[in-house]
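Notes for the structure review
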Amino acid sequence: MRKRLFIVSMVFVLVFATVSIVMKGNVTASNQIIKSGNDTIATMNDVREAFPSAMNFTKLSGGTYRVFGSGHKLLGKMLITLPYAKGIKGFVGPTPLLIALGSDGKVKDVILLKNQEHRAFVNRVKKHGLLSSWNGLSLNDAAGKDVDAVSGATYTSNAIIRSMRAAAKANSSGLASSKSVKTVKREDNDEQSTALKKVDEPLTNGNAPAEKKIVVPRKDLNQMIPTGLTLQQVKSAFSMATSFTQTATAYYNVIDASGKLIGYIALSSPYSDKIAGFGGPTPLMIALTTDYKIKSVSLLSNNETPDFVEHVKKSGLFSTWNGLSIKEALNKDVDAVSGATYTSTSVIKSFKARLAILAKEKVDNSIPPAVWLKNILLIVVSLMAMLLYFRPKLIKRWRLPLLGISIVVLGFWQTTMLSIAQVISWLHHGVPLSMQWGLLVVAFLSIGLPMFFVKKFYCVYVCPLGALQDVAGQVNKRKVTLPNSVISVLFVVRKAIFLAVVLVVLLGVNFDIGIYEPFSAFDVLSAPIVALIIAIVSVVLSIFIQKPWCRFVCPLGQGLDLFVKMRHK
């Protein structure tokens, strides 16, 4: 029986590995691939997204290729943007495109190739329809077309637009210079350069930043500066804006159609780059009126979980400082948002760090009391769990109270718990010790105690979801007895899920496992619907079957079990 289960498990893993590799574009129906250095950029699978009947392709020059179908029939041409878009990056790196051209030389389709951009940003760009913006256009028209960036994925979409234009321009002729991509230039004989040169950035007693000269810049609707700020973003704060000029590091004048100064924009990056939320930095765009009061605060492209960001937005955090002077905003005490503590704390600290540079004041960048309390309570609950862990005789009396504390404090109140998504975030971005030192201690205990004492710790004594299933199980003492053969198969499924997750991480497949882990369901307002459904089903089933999620599904539990087995061996 065990041999059969092992064979089934290996078949599942091999199938999943094959699917994952295909998702990464490393396996194709043809041996043809396009490489950049040692990296595979495009495969026949990518080509067939645009040309379904494609059989092969041949290189012409640069990034240009002919695509052929059966019988060596010419289907069209394609451009790979990478050679033409050197130096153009999105939030993480390049955004290479495959531009498919029909037999008439017009754009047939645009495919985003292998990249390192965050999956949420890529999905937002695709749902917005950005990649189809150039369909039906000649390369000449495509290079000159005005295309707006996608709100909420600005860096990624801007990189796609610029890559598209660079490739189209390089392979077309007679482009109208008025429509080509422009950037702010700094020339010694240009009147505008006076306002663009770096100047000191003081705010004397919270008053206006020093400026050399205010001039009317070129009114280019696609104006973009190296930081990635776009006119579309500026217009979200100043609807009358027609252009902007840089006067200092991450600081800009905003100009209307008449040439009048209507406000200022301050970006928190690079000053806040070392301040991390759940998934990384939370860069902000801070709009200031001409009398230096906060007009609006908005979050730029980031790697935070979209549900946390949406929760922060709905809480009204970003409007907390509106109408305040810089000094008032710096001195205002703002609480983190429950259910999105790490993200909101990062926003608050990033905001204050940037304003402190403007005001030339030292900002109190200490950790909010709520975060300290969260970490301390997590340690307290862990100590209580350790008492039961080492004194089993106390379990009968204190087991249910500990379960209740875990559910209420760690679950619904703090939404703080270990998960595979959390571990992956740590691997990608490091551990924000100032924010999550308590959870890191729990992680060490969850790994170390089983290795030395051959007993599970986190899953049995700490995990809020495990506790909730335990409590639900008290409703019905007579559980369904599953056949041993079914239990054996379910155990294999759990191992296979864990191996699948490991493969996803190793292969770098963009897959947000947090959507499917039910731990986030404790934060009902911002939890993904899939996680909510899985959590509800798991709790209901636990009335009839002992802790079904923990025993038969949880990849985190399977990973922690390995440390128990290591000690056994």
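Every residue gets a number counted from 1 within its own chain, in the order that chain's sequence is written. Local features are withheld for residues below a pLDDT of 70 in this predicted model, meaning they are given only at 70 or higher, and side-chain atom pairs are given and counted only at 80 or more; totals for whole chains, interfaces and linings count all residues. With hydrogens and water excluded, all non-hydrogen atoms of the structure serve as input to the side-chain values.

1. As for the side chain of Thr 341
Considering the arrangement of structural elements, one finds Thr 341 in helix 10 (residues 341–359). With a relative accessible area of 11%, Thr 341 lands in the buried category. Secondary structure is summarised from DSSP: a helix means a run of H or I of at least four residues, a strand means a run of E of at least two, and numbering begins at the N terminus for each. A 1.4 Å probe rolled over the protein chains alone gives each residue an accessible area, and that area as a share of the maximum for its type sets the label: buried under 20%, exposed over 50%, partly exposed in between.

2. So, the pattern of salt bridges
Salt bridges, as used here, are contacts in which a Lys or Arg side-chain nitrogen is within 4 Å of a carboxyl oxygen on Asp or Glu. Within this structure, the stated rule accounts for four salt bridges. Between Asp 561 and Lys 456 there is a salt bridge, and its shortest N-O distance comes to 3.5 Å. Remark: Lys 456 occurs in the loop between helix 14 (433–453) and helix 15 (458–462) and Asp 561 occurs in helix 20 (residues 555–568); sequence separation between them is 105 residues. Taking the relative accessible area as the measure of exposure, Asp 561 reaches 8% and is therefore buried.

3. Here we look at the sheet that holds strand 7 (residues 107–112)
The pairing of strands in a sheet comes from backbone hydrogen bonds and takes either a parallel or an antiparallel form. Sheet architecture is open: five strands sit in the order 3-4-5-6-7, paired in antiparallel fashion. Only two strands of the sheet have a single neighbouring strand rather than two, namely strand 3 (56–61) and strand 7. Neighbouring strand axes in the sheet, compared pairwise and without regard to direction, differ in orientation by 25 degrees on average. Pairing between two strands is assigned when DSSP locates at least 2 bridges connecting them. Relative to strand 7, strand 6 (residues 97–101) runs antiparallel, the two sharing five bridges. Only the stretch in contact is used when a helix axis is fitted, and all axes are lines through C-alpha atoms; the angle between N-to-C directions ranges over 0 to 180 degrees.

4. Structural notes on the environment of Asn 171
Its place among the elements puts Asn 171 in the loop between helix 5 (154–170) and helix 6 (193–196). Assessed through its relative accessible area of 28%, Asn 171 is described here as partly exposed. Considered as a pair, Asn 171 and Thr 64 are 107 residues apart in the sequence and their alpha carbons are 8.7 Å apart. A distance of 2.8 Å separates a polar side-chain atom of Asn 171 from the backbone oxygen of Ala 167. Each polar contact in these results corresponds to two N or O atoms within 3.5 Å; when the atoms are within protein, one needs to be able to donate a hydrogen and the other to accept it, and residues that are neighboring in sequence are counted only if both atoms are side-chain atoms.

5. Remarks on the packing of helix 12 (residues 395–413) against helix 16 (residues 464–473)
Running from N to C, helix 12 and helix 16 cross one another at 130 degrees; their axes reach a closest spacing of 8 Å. It follows that helix 12 is oblique to helix 16 by the angle criterion. As for the relative orientation of helix 12 and helix 16, their crossing is left-handed in sense. Here Arg 399, Leu 403, Ser 406, Ile 407, Leu 410 and Gly 411 of helix 12 come into contact with helix 16, specifically with Pro 464, Ala 467, Leu 468, Asp 470 and Val 471. Just so you know the grouping, Ala, Val, Leu, Ile, Met, Phe, Trp, Tyr, Cys and Pro go in nonpolar, Asp, Glu, Lys and Arg go in charged, and all remaining residues, Gly too, go in polar. Its residues assigned to classes, the contact of helix 12 with helix 16 comprises seven nonpolar, two polar and two charged. Orientation is classified from the angle alone, with under 35 degrees giving roughly parallel, over 145 giving roughly antiparallel, 65 to 115 giving roughly perpendicular, and any other angle giving oblique. Handedness of each helix crossing follows the sense of rotation of the near helix against the far helix: counterclockwise by less than a right angle gives left-handed, clockwise gives right-handed. Whether two residues touch is decided by their heavy atoms; if any such pair falls within 4.5 Å, the residues are in contact.

6. Digging into the sheet that holds strand 12 (residues 294–299)
One open sheet holds the five strands; their spatial order is 8-9-10-11-12, and the pairing between them is antiparallel. Strands at the two margins of the open sheet, each flanked by one partner only, are strand 8 (241–248) and strand 12. On average, each strand axis in the sheet is tilted by 25 degrees relative to the strand beside it, whichever way the strands run. Pairing of strand 9 (residues 251–256) with strand 10 (residues 261–267), which is carried by five bridges, proceeds in the antiparallel orientation. Counted as the bridge partner of Tyr 251 is Ala 266 from strand 10. Along the sheet, helix 10 makes contact with strand 9, strand 10, strand 11 (284–288) and strand 12, crossing strand 11 at roughly 50 degrees.

7. Some remarks on the confidence of the model for the protein chain
One number per residue, pLDDT, summarises how confident the predictor is, and it ranges from 0 to 100. Summarising the model, the protein chain shows a mean pLDDT of 77, and 80% of its residues fall at 70 or more. Here helix 6 is the element of the protein chain with the lowest mean pLDDT, 31, and strand 6 is the one with the highest, 93. Scored below 50 in pLDDT, residues 17–30 makes 26 contacts in the model with residues more than four places away or belonging to other chains. Segment residues 361–365 is flagged for pLDDT under 50; beyond a separation of four residues in sequence, or across chains, it makes nine contacts in the model.

8. Thoughts on the packing of aromatic side chains
Two aromatic rings from Phe, Tyr or Trp, using only the six-membered ring of Trp, form a pair when their centres are within 6.5 Å; if the ring planes differ by under 30 degrees the pair is stacked, by over 60 it is edge-to-face, and anything between is tilted. This structure, assessed with the given rule, holds 15 aromatic pairs. Aromatic side chains Phe 244 and Tyr 252 sit 6.1 Å apart centroid to centroid with 85 degrees between the ring planes, which places their arrangement in the edge-to-face category. We note that Phe 244, like Tyr 252, is buried. An aromatic cluster is built from Tyr 389, Phe 390, Phe 453, Phe 457 and Tyr 461, whose rings are joined through pairwise contacts. In this structure, Lys 108 packs its charged tip against the face of Phe 51, placed 5.1 Å from the ring centre. Our definition puts a charge over a ring when NZ of Lys or CZ of Arg is within 6 Å of the ring centre and also within 35 degrees of the ring normal. For Lys 455, the ring lying beneath its charged end belongs to Tyr 389, and the centroid distance is 4.5 Å.

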